[in-house]
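If you want the building blocks of each chain, they are given just below.
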Amino acid sequence: MKRKQITKTMFITSMALLLGLSTACSNSNSGSGNSGNEPAKTGNSAATDAPKEIVELKAITMGNEPKSGLDNFYKELDALTEKDLGIRVRFDYIPWGDEKNQISRAIAAKEYDLYVGGAWSDFANFATKNAFADLTPLLEETPALVEHYKGSLDRVKIDGKVFGIPQYNKPGGGGEGMLYREDLRQKWGLPEINSLDTAEQYLYKAKDEYPSTPMLNDKRFGTNIYSQLIASKYYTVAADYAVASFDDPYKIISIYDTPEYKEAVAKAKQWYDDGIVDHDVLAAQGNATAETLELMKVDQKPLEFNNHLGAISNNYINQLKEALPDSTYGWYDFFMDNNAPAFLPKMSPSTITMISVGANTQHALEALKFIEKGHTDQTYYNLLAYGVEGENYKVDSDGYILYEGIPTDNIKPAWTGLYDGYQALQVNYPGEWKAIFDKIQAEGAKRAEAGGTDPYEGFSFDTSSLATELSNLETVKTQYIQPLSVGMTNDIDGDLAKVQKQLKDAGFDTYLAELQKQVDAYKAGK
């Protein structure tokens, strides 16, 4: 009896084991793509269920990391990207000042998966040298990104290829200009600043009031003098080299053949000789805005002559208001105030900031999908543009972004090139600046709608056949043009003739002929 019971128990146990194995095999097959008639896969099922390996991408952005660090930023970002994309992204910050050289070195070293750049970093030249991945065939994998740009990604193509995703601007206003202390302008009894002449009056009075500080310490000021003089007369076709008259918009003219260039040099010389300009200005880095901001914060300088409205609004005003609570500010726009025509936003490699994927990366699709999230998912955009809410920025009850109570050194710079006017939060700028900003945007949008499409919209100068000429021209620019443009001359006519000769010897005629040829082709294809 006992033997029968044992045998019966063993039989039941064996059947249970067999059924368990059968069930396990059945479960293993389900979801594996095998039918019931196919052999089961062997091996450890735990290995099959192992989580996918998380890939880490490296990216460049501009500015300074917030003082509190990025621990909470990465915690929030990783929670999004690991789940959505199977990646983590880590940013290296490059301070403004020597950005062109630092980005060039990073590209040469093939160090990153994601790069930022624009005309200010020679983006188009690097793109033609295959530094960046061709994203064109991958765009079908990011339909939300393509839809968001409404066909305008075609406008950033170089040789039919998309080498970067551009920032996305809405029609508005604000370009290069001069920030100044409005409270001091009123105190000094000076006229409203809306022209080169009234700006000059402010510069000279500021020199008298701040005798130990040169008002201009950035060598770009000469270019900005020229910009004001030509704002209502010429289109800039090739930065530093060529313009075209409004009356004949597709006829190329050398900048150095325009009478306004000589006029700009004369004005720069006057300012240099009178001590408005730092006599060591050529020793400054390419961008001296960080130095100027620090001087303004401690009331050792009342103006910034070389910056654009967006940078002033996002990087200057809060810091200045915190440092000097009783100060007020004004803005003189070099283009709008000088009656330059306005057009709908350009979107071309030679005019806009881009985010690119390195040609060396093994994860181009993941990188592009990350960019897509930044432009189409508000949670991603807010995090990448502003940081962690409550730590790097705040949102008020009306939905405005604000920085009240946020230490200025803890405001996180946006991922350079990501800016998207259709995703960006409205900023409630402090004091008088909100009214200034809103007025410029409204007026700019009105002018842009009236102006329509820029005559050079979509034109991109292909310089791939001009490597020798470009190298030679850079040398001429550094050795001859730059000193002249900042007023370091005792003989304007003689030095300008010398520049013309050096340009000719460097192959400038070939450069201009190729530019005209491409402009003619562009015009014919419009």
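Visitor: Residues and numbers for helix H18 (residues 508-525), please.
Guide: Its 18 residues give H18 an end-to-end C-alpha distance of 26 Å, which sits within 8% of 26 Å, the value for a rise of 1.5 Å per residue. Turning to H18, its buried residues number three or more, namely Phe-508, Tyr-511, Leu-512, Glu-514, Leu-515, Gln-516, Gln-518, Val-519 and Tyr-522. Looking at the buried residues of H18, the elements they touch are strand E6 (234-238), strand E7 (242-245), strand E8 (252-254), helix H16 (467-485) and helix H17 (492-505).

Visitor: Describe the sheet that holds E8, naming the residues involved and giving the relevant values.
Guide: Overall, antiparallel pairing links the three strands, which are arranged E6-E7-E8 in an open sheet. Looking at the sheet topology across the chains shown, the edges are occupied by E6 and E8. Direction aside, the axes of adjacent strands within the sheet are offset by 40° on average. Taken together, the four bridges between E6 and E7 define a ladder with antiparallel strand orientation. Bridge pairing in E7 links Thr-236 to Val-243. Contacts from H18 reach E6, E7 and E8, with the element oriented near 160° to E8.

Visitor: An account of unusual backbone geometry is needed here, citing residue identities and associated values.
Guide: Positive phi outside glycine occurs at Asp-122, with the angle close to 65°. Secondary-structure assignment places Asp-122 in the loop between strand E3 (114-117) and helix H5 (123-128).

Visitor: Lay out the confidence of the model for the protein with the relevant residues and their values.
Guide: Mean pLDDT over the protein works out to 89, with 90% of the residues at or above the 70 mark. Residue range residues 1-48 is modelled with pLDDT below 50. Its contacts to residues more than four positions away, or to other chains, number nine contacts.

Visitor: Could you give an account of the packing of helix H10 (residues 259-273) against H17, naming the residues involved and the relevant values?
Guide: The contact between H10 and H17 brings their axes to 11 Å, and the two run at 125°. On the basis of their axis angle, the class for H10 and H17 is oblique. Two packed elements cross with a definite hand, and for H10 against H17 that hand is right-handed. Packed against H10, whose contacting residues are Tyr-261, Lys-262, Val-265, Ala-266 and Lys-269, the element H17 presents Ile-492, Asp-493 and Leu-496 at the interface. Across the contact of H10 with H17, the residue classes break down as five nonpolar, no polar and three charged.

Visitor: Please set out the environment of Gly-330 residue by residue, giving values where relevant.
Guide: Structurally, Gly-330 is set in strand E10 (residues 329-333). Spatially, the C-alpha atom of Gly-330 lies 5.4 Å from that of Tyr-180, the residues being 150 residues apart in sequence. With near-sequence residues (within four places) excluded, Gly-330 lies in contact with Met-178, Leu-179, Tyr-180, Glu-182, Trp-433 and Ile-436.

Visitor: For the sheet that holds strand E5 (residues 176-181), give the residues involved together with the corresponding values.
Guide: Reading across from one edge, E9-E5-E10 is the order of the three strands in this open sheet, with antiparallel pairing throughout. In the strand order of this sheet, the two ends are held by strand E9 (303-308) and E10, each with one partner. Averaged over all pairs of adjacent strands, the angle between strand axes in this sheet comes to 25°, irrespective of strand direction. Across the sheet, helix H15 (residues 433-451) lies against E5 and E10, angled at about 20° from E10, the strand it touches most.

Visitor: Pulling in residues and values, what's your account of the packing of aromatic side chains?
Guide: Taken as a whole and judged by the stated rule, the model has 35 aromatic pairs. Pairing Tyr-226 with Tyr-261 gives two aromatic rings, centres 6.1 Å apart and planes at 70°, and the pair type is edge-to-face. With Tyr-226 in helix H9 (residues 221-230) and Tyr-261 in helix H10, this pair connects stretches of sequence that are 35 residues apart. For the pair Trp-331 and Trp-433, a centre-to-centre distance of 6.5 Å together with 85° between the ring planes defines the contact as edge-to-face. Taken together, the residues span a long stretch of sequence, with Trp-331 in strand E10 and Trp-433 in helix H15 at a distance of 102 residues. In this structure Trp-331 comes out as buried when scored by relative accessible area, which is 8%. You can call Trp-433 buried: its relative accessible area is 0%. An aromatic cluster is built from Tyr-226, Tyr-241, Tyr-256, Tyr-261, Phe-461, Phe-508 and Tyr-511, whose rings are joined through pairwise contacts.

Visitor: I'd like a description of the nonpolar core, backed by residues and values.
Guide: Counting residues in each nonpolar core, the largest one holds 83 residues, and the members touching the most others are Phe-91, Ile-165, Leu-179, Phe-370, Trp-415 and Trp-433. No other element matches the six residues that helix H14 (residues 378-386) contributes to this core. Once residues within four sequence positions are removed from consideration, Leu-179 is found in contact with Met-296, Pro-302, Leu-303, Glu-304, Ile-312, Tyr-316, Ile-317, Leu-320, Tyr-329, Gly-330, Trp-331 and Trp-433. Of all hydrophobic cores here, the second largest spans 63 residues; its members include Tyr-210, Tyr-226, Tyr-241 and Val-519.

The rules behind these values
- Residues numbered from 1 in each chain as written.
- Predicted model: local features only at pLDDT ≥ 70, side-chain atom pairs only at ≥ 80, totals over all residues.
- Heavy atoms only, no water.
- Helix = DSSP H or I, 4+ residues; strand = E, 2+ residues; numbered from the N terminus.
- Expected span 1.5 Å × (residues − 1).
- Buried < 20%, exposed > 50% of the residue type's maximum accessible area, 1.4 Å probe, protein only.
- Contact = heavy atoms within 4.5 Å.
- Pairing = 2+ DSSP bridges.
- Axes fitted to C-alpha atoms, helices over the stretch in contact; angles between N-to-C directions.
- pLDDT = per-residue confidence, 0-100.
- Parallel < 35°, antiparallel > 145°, perpendicular 65-115°, else oblique.
- Left-handed = near helix turned anticlockwise from the far one by under 90°.
- Nonpolar A, V, L, I, M, F, W, Y, C, P; charged D, E, K, R; others polar.
- Phe/Tyr/Trp six-rings, centres within 6.5 Å; stacked < 30°, edge-to-face > 60°.
- Core = buried A, V, L, I, M, F, W, Y, C linked by side-chain atoms within 4.5 Å.

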